[in-house]
Amino acid sequence: MAAPTSLPGPGSGPAGARPAARWIAFFQAMLGISIFFLSWFLLVDVFAVWRFAQLPKLSVSLREMFSPDPTFGVSVFTKEYYDHLQASAGRVVFAFLIAVSAGVVIGILSGWNRWFRAVCQPLLELARPIPVLAWIPLVILVMPSRESAVIALTFLAAFFITILNTMLGVRSIDEVYFRAAQSLGFSRWAILRHVVIPGALPFIFVGLQIAMAACWFSLVASEIVSGTAGLGYKVWEAYYYVQFETMVIMILTLGICGYISSAIIRRLGAYLMRWRGKTLGGVA
Amino acid sequence: MDARTNARSPGAGSGEIVVSHASVGMFDRGGKSLQLVEDCSFLAERGLFTVLVGPSGCGKTTLMNLIAGYIGADAGTVRLDGVDVKGPGWDRLMVFQETALFPWMTTLENVAYGPMVRGIKTMPEIRAEAGALLERFGLGEFKNRYPRELSGGMQRRGELARALINDPLVLLMDEPFRGLDAMTRQLMQEYLTRLFEETRTTTIFVTSEIDEAIFLADRLVVLSRAPARVAAVIEVDLPRPRRFEQLSSPRYAELKEQALNLLYAEAAAAFEETGAGADIKEAFERRHVAD
């Protein structure tokens, strides 16, 4: 039982790793990304291999993206770019926050209360596998505006995922923690606050990451069908008007948005779950 | 409650558990009713260390859950100081098989939460008391660590502290040293013995290790094969304070032989009935042939 002389401090793991290890991780990430862009460059720009010749060139797309005076009117220096970005990001944040607040509450109730679970779970299992794309016509019918339809569809994608993961999270908590809490005299509120929520947090955060990805996915789908602005809307519009470089700009922006939103969730999760000493995986 | 809270003098703050004619059954997955504990009666006397031993799967844990109030008896009663046990309570605190320290709380928070949620003291008082208790348990430097950062032995001591800060009348320990390596286990046995000899809190301890049982116990309750009944009660009259040297005394050997014979008889009978416990029977026979 010799006491370990040096224990890993709180927040060890990638977040608090040695600087050298962080640099190595950074270069590894850059290596993967570089390979992708290099392949693009070689296949399209340099050799124009077969069907790849149809795609917009990397060099032209990047020049367009960072040009103060873009050919098709959209680059990181134009207001239109930020209008679309803001429209999409706003919808995702709004829909995601509502979906998570409602989903976590329902998930905890159905994880904790047997009766509630018996009522909810079959319905959930039925609704969850239906792709968001299938909901689009129904949602457009019921929602009063195109904007609200897009938000509702983005919400739906995250909602079911959050409920299910939260419920699984509560169910995953070992019975001994509930027993210990009962013996120590925890009230139901204290059990919720100090056992159920922290115990379910690892699953909840895995769910949030999946939900965030699903949000971006269904956002783009619904913007294409019913949007009047936004990154997804612009991807489709640019395709329509044969502005392929603009399309690439929007797609790259979607990737970056998805990455950043996911990284924020990971960071928040790692902070709230310092006691686990390992992060949810991923770079940032 | 006031009478209890400051009672750390030997035996004064401890309670007495009487299990009388308790039976617990359950339904297995096939819907067949299964008797786990049957007409089981024993007494855990105030200020004594009572150890329950029995063949594996005989219902020891069920019996502990019954005393802790996590499950109810189908028949019979469990009484603490003459009052029926109706549910879990901090007057009977359990130290679980594997650690049940909340992994999301630091050691100090784990220890402090019991008194805190009951609101019987102010937060600074509780923190000071928890800190002092952890210091005494050799965990002073680890009070702001999370359980995963502690070794197995430290976790068990942390759990003991979490129970003892509440001044329970009875300490329930369900194979608390399972999963520890042999060296740590022995240290923990010694530690627990010293702690008990200091506090004399009534303790009920479940184990399947006969050496551990005799070393710790004032009274050994040998349980039958499932469903659990009391097969015999052995008074362990080894003097306290206990020392490991006593394990080589003739009296110790006698007690061990007595207990092992009882356990063997139960294991053999269980084997005759159901084919269960073959491992114990075989091991016992091998041992005695070697002798």
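None of the values given here were measured: they were computed from a predicted structure. (Residues numbered from 1 in each chain as written. Chains lettered and ligands numbered in written order. Predicted model: local features only at pLDDT ≥ 70, side-chain atom pairs only at ≥ 80, totals over all residues. Heavy atoms only, no water.)

**Regarding the nonpolar core**
When a protein is soluble and globular, its nonpolar side chains tend to lie buried together. By size, the foremost hydrophobic cluster in this structure holds 154 residues, and its most contacted members are Val195 of chain A together with Phe102 and Leu220 of chain B. Sorting elements by how many residues they give to this core places helix H8 (residues 188-226) of chain A first, with 17 residues. (Core = buried A, V, L, I, M, F, W, Y, C linked by side-chain atoms within 4.5 Å. Buried < 20%, exposed > 50% of the residue type's maximum accessible area, 1.4 Å probe, protein only. Helix = DSSP H or I, 4+ residues; strand = E, 2+ residues; numbered from the N terminus.)

**A closer look at the pattern of salt bridges**
Counted by the stated rule, this structure contains 23 salt bridges over all chains. For Asp211 of chain B, the salt bridge goes to Lys256 of chain B, with nearest N and O atoms at 3.1 Å. Of the two residues, Asp211 of chain B is situated in helix H7 (residues 210-216) and Lys256 of chain B in helix H8 (residues 250-274); the sequence distance between them amounts to 45 residues. Given a relative accessible area of 31%, Asp211 of chain B falls into the partly exposed group. One salt-bridge network, held together by shared partners, links Glu80, Lys234 and Glu237 of chain A. (Salt bridge = Lys/Arg side-chain N within 4 Å of Asp/Glu carboxyl O.)

**Points about the pairing of strand S6 (residues 92-95) of chain B**
Residues and elements named next belong to chain B. Residue alternation in S6 divides its side chains into two sets, Arg92 and Met94 and Leu93 and Val95, and both sets are buried. Here S6 runs beside strand S7 (residues 170-174); their pairing, made up of 4 bridges, is parallel. Counterpart to Arg92 in the pairing with S7 is Val170. (Pairing = 2+ DSSP bridges.)

**Quick notes on the UniProt feature "domain: ABC transporter" (unreviewed entry) in chain B**
Feature annotation in UniProt assigns "domain: ABC transporter" (unreviewed entry) to the following positions: residues 19-250 of chain B. Between the C-alpha atoms that bound residues 19-250 of chain B the distance is 32 Å, and the span itself is 32% helix and 26% strand. (UniProt positions renumbered as here; feature names shortened; annotations may be inferred.)

**Remarks on the sheet that holds strand S5 (residues 83-84) of chain B**
Backbone hydrogen bonds are what pair the strands of a sheet, in a parallel or an antiparallel way. Residue and element names in this part refer to chain B. On the basis of which strands lie adjacent, the open sheet formed by 4 strands has the order S2-S1-S4-S5 and antiparallel pairing. Pairing within the sheet leaves two strands with one partner each, and these edge strands are strand S2 (33-44) and S5. Two strands pair when backbone bridges link them, and strand S4 (residues 75-80) and S5 are joined in this way by 2 bridges, in the antiparallel orientation. Residue pairing for S5: Leu80 is matched across the bridge by Val83. In the packing of helix H2 (residues 60-68) onto the sheet, the strands contacted are strand S1 (17-27), S2 and S4, and the crossing angle to S2 comes to about 65°. (Contact = heavy atoms within 4.5 Å. Axes fitted to C-alpha atoms, helices over the stretch in contact; angles between N-to-C directions.)

**A look at the sheet that holds strand S3 (residues 49-53) of chain B**
All names here are of chain B. On the basis of which strands lie adjacent, the open sheet formed by 6 strands has the order S6-S7-S8-S3-S9-S10 and mixed pairing. Among the strands making up the open sheet, the edge pair consists of S6 and strand S10 (230-235). Averaged over neighbouring strand pairs, the angle between their axes works out to 20° when direction is ignored. Pairing between S7 and strand S8 (residues 202-207): 5 bridges, direction parallel. Looking across to S8, one finds that Val170 is bridged to Thr202. Sheet contacts for helix H6 (residues 182-199): S3, S7 and S8; angle to S8, the most-contacted strand, approximately 160°.

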